[in-house]
Amino acid sequence: LYLRHRKGFIKIALELGTPIVPVFTFGLDGSYAYHVPRGEMILRLSRTMGFLPVFFWGRWGVPLGIPRPQQITVVVGKPIEVPYLGDNISREDVDKYHSIYIEKLEALFEQHKAGKELYCDRKLKIL
């Protein structure tokens, strides 16, 4: 899960004093097939664009089309209350609540993965 350096949602929550709710969806990884291109040219292109192009296709091989039939389970954690800081937000505030969010998300994953056959041996990796 690419979340380690994505903190904008935390900053917005602190600006508005809005709770942050950890949510995880089990089963999404089987909804679409995908291909990640490899090679030096793709590496240079992805660094220039700022992201790695990934190609997805769903049911019947339709690109970005209808997902494959897949049981999906969404689990929702307890809201994390954050203070209203308006424009007085420090990097430390953002880092503090981002760490709390990641901790709660990992706990939510661990708590609910037991009943999911494909996830029981997995560990949530936050990149």
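Residues numbered from 1 in each chain as written. Predicted model: local features only at pLDDT ≥ 70, side-chain atom pairs only at ≥ 80, totals over all residues. Heavy atoms only, no water.

K.L.:
Explain the environment of Pro 22 residue by residue, including any values.
P.N.:
Counting through the fold element by element, Pro 22 comes out in the loop between α1 (8–16) and β1 (23–26). With 92 residues separating them along the chain, Pro 22 and Ala 114 place their C-alpha atoms 18 Å apart. (Helix = DSSP H or I, 4+ residues; strand = E, 2+ residues; numbered from the N terminus.)

K.L.:
Explain the nonpolar core residue by residue, including any values.
P.N.:
Formed by 20 residues in total, the largest nonpolar core has its most connected members in Ile 10, Ile 20, Phe 24 and Tyr 101. Of all elements in the fold, only α1, β1 and α3 (91–112) reach the threshold of two or more residues within this core. When residues of this core are assigned to their parent elements, the largest contribution, 7 residues, is made by α3. (Core = buried A, V, L, I, M, F, W, Y, C linked by side-chain atoms within 4.5 Å. Buried < 20%, exposed > 50% of the residue type's maximum accessible area, 1.4 Å probe, protein only.)

K.L.:
Explain the pattern of salt bridges to me, using residue names and the numbers behind them.
P.N.:
The tally for this structure, following the rule as stated, stands at 4 salt bridges. Of the charged contacts in the structure, one is a salt bridge between Arg 122 and Asp 29, with a shortest N-O distance of 2.8 Å. One end of the pair, Arg 122, is in the segment after α3; the other, Asp 29, is in the loop between β1 and β2 (33–35), and 93 residues separate them in sequence. In this structure, Arg 44 and Glu 40 form a salt bridge, with 3.9 Å as the shortest nitrogen-oxygen distance. Highlighted residues: Arg 44 and Glu 40, both in helix α2 (residues 40–49), separated by 4 residues, approximately one helical turn. An identical accessibility class is assigned to Arg 44 and Glu 40; each is exposed. (Salt bridge = Lys/Arg side-chain N within 4 Å of Asp/Glu carboxyl O.)

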